[in-house]
Amino acid sequence: MDQGDVVAILGPSGSGKTTLLRCINFLETADEGEMVFDGEHFSMNGISRKDIARLRKKTAFVFQNYNLFRNKTALENVTEGLIIARKMPKAQAMEIAEQALKKVGLSDRSDHYPNQLSGGQQQRVAIARALATSPEIIYFDEPTSALDPELTGEVLSVMRQLADEGMTMLVVTHEMNFAKNVSNKVVFMEDGAVVESGSSKEFFANPREERTRAFLRTLSGVI
């Protein structure tokens, strides 16, 4: 993928989408393979801890279930990684966190704890936390799967805004309208393998593989 791409990873449940994403971020170790990032080649099962740390400084991960600290406010959840992991001065971290929360529409919730926020608001805090690190790419693991339709819309709206601004994103999702209308590339998986990949326009208008066509037929009326 290239800078500014929004790639949707699609497929039935259990097809390996989340595992692929976690392997790319080295949260799990792949059996084999190679990844190219910024022109550098990395072994998926032999990468050093130093290189993993170096890559993670260029990336951010938004989890399905938010992964917020329950005993910290929205602002503290965003500043924590900047202060602890990146050794940033607190005042600078606070300024960056406030801007990130403003970007996701939560300036008025900065002093709220997770249990005082809706699921959609919690996920937007998680996105703000990702944005605060100024990543080259953000990985999203089914960011709306735990949300009801109304809250899903507010999270997807933030993601659409990020796409419009040129943020590079790799998104595991079941949201077909997002994949069709926001992403510019699609990867379709089944049984741990990539069945088809290409531009979103071609994928939805003229899928090459019969398995892809069958998958899309089951979604008729949804997209």
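Please read all numbers here as calculations on a predicted model, not as lab measurements.

## Some remarks on the nonpolar core
Phase 1: With 39 residues, the main nonpolar core has Leu101, Val125, Ile127, Ile138, Phe140, Met159 and Met169 as its most contacted residues.
Phase 2: Looking at this core, the elements with two or more residues in it are strand E4 (59-62), helix H3 (74-84), helix H4 (90-103), helix H5 (119-132), strand E5 (137-141), helix H6 (149-164) and strand E6 (168-172).
Phase 3: Setting aside anything within four residues of it in sequence, one finds Met169 in contact with Met1, Asp5, Val6, Val7, Ile137, Ile138, Phe140, Met159, Leu162 and Ala163.
Phase 4: Ranked by size, the runner-up nonpolar core spans 21 residues in total, among them Phe26, Met35, Phe42 and Ile137.

## Some remarks on the packing of aromatic side chains
Phase 1: Applying the stated rule across the entire model yields 5 aromatic pairs.
Phase 2: Taking the centre distance of 6.3 Å and the plane angle of 65° together, the rings of Phe61 and Tyr139 count as edge-to-face. With Phe61 in strand E4 and Tyr139 in strand E5, this residue pair connects regions lying 78 residues apart in the sequence.
Phase 3: Tyr139 gets classed as buried once you look at its relative accessible area, which sits at 2%.
Phase 4: Relative to Phe203, the ring of Phe188 has its centre 6.2 Å away and its plane inclined at 50°; by these criteria the two rings are tilted. Here the residue Phe188 occupies a position in strand E7 (residues 185-190), and Phe203 occupies one in helix H8 (residues 200-205), the gap between them amounting to 15 residues. Like Phe203, Phe188 is buried.

## Structural notes on the sheet that holds strand E8 (residues 193-199)
Phase 1: The strand order across the open sheet built from 6 strands is E4-E5-E6-E1-E7-E8, with neighbouring strands paired in mixed fashion. Lying at the two open borders of the sheet, with one neighbouring strand each, are E4 and E8. Neighbour-to-neighbour, the strand axes of this sheet turn through a mean angle of 15°, independent of strand direction.
Phase 2: Sitting on the sheet, helix H9 (residues 210-217) is in contact with E7 and E8, with an inclination near 100° to E7.

## With respect to the environment of Gln121
Phase 1: Here Gln121 is to be found in helix H5.
Phase 2: Classification of Gln121 by relative accessible area gives buried; the value is 13%.
Phase 3: Counting along the chain gives 34 residues from Gln121 to Val155, while the straight-line C-alpha distance between them is 8.0 Å.
Phase 4: Side-chain polar atoms of Gln121 contact the backbone nitrogen of Ser118, separated by 2.9 Å.

## Comments concerning the environment of Glu98
Phase 1: Relative to the helices and strands, Glu98 is located in helix H4.
Phase 2: Among the residues examined, Glu98 registers a relative accessible area of 42% and is labelled partly exposed.
Phase 3: The sequence separation of Glu98 and Ala205 amounts to 107 residues, and the corresponding C-alpha distance is 41 Å.

## Notes on the pairing of E8
Two faces belong to every sheet, and in a regular strand the side chains alternate between them.
Phase 1: Here 6 bridges tie E7 to E8, and the two strands are oriented antiparallel to one another. Opposite Glu190, over in E8, you have Ala193 as the bridge partner.
Phase 2: Remark: 2 residues form the turn of the hairpin made by E7 and E8, two consecutive strands paired antiparallel; Asp191 in that turn has positive phi of roughly 55°.

## Regarding the side chain of Thr79
Phase 1: On the secondary structure map, Thr79 appears in helix H3.
Phase 2: Classification of Thr79 by relative accessible area gives buried; the value is 5%.
Phase 3: Only 3.2 Å separates the side chain of Thr79 from the backbone oxygen of Glu76, close enough to count as a polar contact.

The rules behind these values
- Per-chain numbering applies: the sequence of each chain, read as written, is numbered from 1 onward.
- Two thresholds apply to this predicted model, a pLDDT of at least 70 for residue-level local features and 80 or more for giving and counting side-chain atom pairs, whereas whole-chain, interface and lining totals are computed over all residues.
- Working from all heavy atoms in the structure, the side-chain values ignore hydrogens and water.
- Remark: nonpolar core denotes a set of buried residues (Ala, Val, Leu, Ile, Met, Phe, Trp, Tyr, Cys) joined through side-chain atoms within 4.5 Å.
- Using a 1.4 Å probe on the protein chains alone, a residue whose accessible area is under 20% of its type maximum counts as buried, one over 50% counts as exposed, and one in between counts as partly exposed.
- Secondary structure elements follow DSSP: runs of H or I no shorter than four residues count as helices, runs of E no shorter than two count as strands, and numbering proceeds from the N terminus.
- We call two residues in contact whenever any of their non-hydrogen atoms come within 4.5 Å of each other.
- Only centres within 6.5 Å qualify two rings of Phe, Tyr or Trp (six-membered ring in Trp) as a pair; their planes then separate them into stacked at under 30 degrees, edge-to-face at over 60, and tilted for everything else.
- When DSSP locates at least two bridges between a pair of strands, those strands are taken to pair.
- Axis definition: a line fit to C-alpha positions, over the contact stretch in the case of helices; interaxial angles, taken between N-to-C directions, run 0 to 180 degrees.
- We define a polar contact as two N or O atoms separated by no more than 3.5 Å, with the added condition that, inside protein, one atom must be a possible hydrogen donor and the other a possible acceptor, whereas residues neighbouring each other in sequence contribute only through side-chain atom pairs.

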